[in-house]
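Residue-level structure breakdown
The residues making up each chain are set out below.
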Amino acid sequence: MIRASLVWLNYNSMGFIDVVLESLGSFLSLDFDGYELIVVDNASNDGSFEVIKKHVEEHRPSNVRVKFIRNDRNLGYAGGMNVGWDARDPD
């Protein structure tokens, strides 16, 4: 059962990808069962989405559900977060 959904929004973050991967690593190492990580990309064109997706797939614990969403266009902060909200597990 999912008890928490974490939405992580990305847009062209290659300039600080080390901070991004460290942040995502913190989410993936939480000592908490029953959560999902939803990574929403706001139409990045710098390769950051691919780097993030690979990193998360390689470091994801088996008890963490992960969803990747790539928007066709940049919806801004609120729009991107709303996409993640809509994608969360209904439980």
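Quick note: structure is the one above.
Quantities reported herein were computed from a predicted structural model and do not represent experimental measurements.

Re the pairing of strand β1 (residues 4-10)
- Here 7 bridges tie β1 to strand β2 (residues 35-41), and the two strands are oriented parallel to one another. Residue L9 lies in a different strand from β2, and its bridge partner there is V40.
- Following the backbone out of β1, through helix α1 (residues 17-28) and into the adjacent parallel β2, one traces a crossover that is right-handed.

Quick look at the pattern of salt bridges
- Going through the model one piece at a time under the given rule, you end up with 5 salt bridges.
- R70 is the partner of E50 in a salt bridge, and the nearest nitrogen-oxygen pair spans 2.9 Å. Taken together, the positions of E50 in helix α2 (residues 48-59) and R70 in strand β3 (residues 65-70) put the pair 20 residues apart, joining distant regions of the chain.
- Using a relative accessible area of 38% as the deciding quantity, one classes R70 as partly exposed.
- Here E58 ties to K54 by a salt bridge, and the two come within 3.9 Å at their closest N and O atoms. One end of the pair, E58, and the other, K54, are both in helix α2, 4 residues apart, so they sit about a helical turn from each other. Each of the two residues, E58 as well as K54, counts as exposed.

A closer look at the environment of M81
- Within the secondary structure layout, M81 lies in helix α3 (residues 76-87).
- Ignoring any residue separated from it by four or fewer positions in sequence, one finds M81 in contact with V7 and L9.

Some thoughts on α2
- Look at α2: 16 Å from first C-alpha to last across 12 residues, which is about the 16 Å you get at 1.5 Å a residue.
- Looking at α2, one finds that the buried residues are S48, F49, I52, H55 and V56. Down the axis of α2, the buried side of the element spans an arc of 135°, and every buried residue falls inside it. Along α2, exposed side chains directed more than 90 degrees from the buried face belong to K54 and E58.

Some thoughts on the nonpolar core
- In this structure, W8, I17, V20, L24, L28, Y35, L37, V39, I52, V56, V64 and V66 together form the largest nonpolar core, which totals 12 residues.
- Residue assignment for this core shows that the elements contributing at least two residues are α1, β2 and α2.
- Among the elements that make up this core, the one with the highest residue count is α1 (4 residues).

Re the side chain of N10
- Along the chain, N10 falls in strand β1.
- Under the relative-accessibility criterion, N10 is labelled buried at 2%.
- In this structure the side chain of N10 is engaged in a polar contact, spanning 2.5 Å, whose partner is the side chain of S13.
- There is a polar contact of 2.6 Å between the side chain of N10 and the side chain of D41.
- Discounting residues that sit within four places of it in the chain, N10 has contacts with V40, D41, N42, S44, S48, F49 and I52.

Calculation rules
- Residues numbered from 1 in each chain as written.
- Predicted model: local features only at pLDDT ≥ 70, side-chain atom pairs only at ≥ 80, totals over all residues.
- Heavy atoms only, no water.
- Pairing = 2+ DSSP bridges.
- Helix = DSSP H or I, 4+ residues; strand = E, 2+ residues; numbered from the N terminus.
- Right-handed = clockwise from strand over helix to strand, strands pointing away.
- Salt bridge = Lys/Arg side-chain N within 4 Å of Asp/Glu carboxyl O.
- Buried < 20%, exposed > 50% of the residue type's maximum accessible area, 1.4 Å probe, protein only.
- Contact = heavy atoms within 4.5 Å.
- Expected span 1.5 Å × (residues − 1).
- Arc of directions from axis to C-beta.
- Core = buried A, V, L, I, M, F, W, Y, C linked by side-chain atoms within 4.5 Å.
- Polar contact = N/O pair within 3.5 Å; in protein donor to acceptor, adjacent residues only side chain to side chain.

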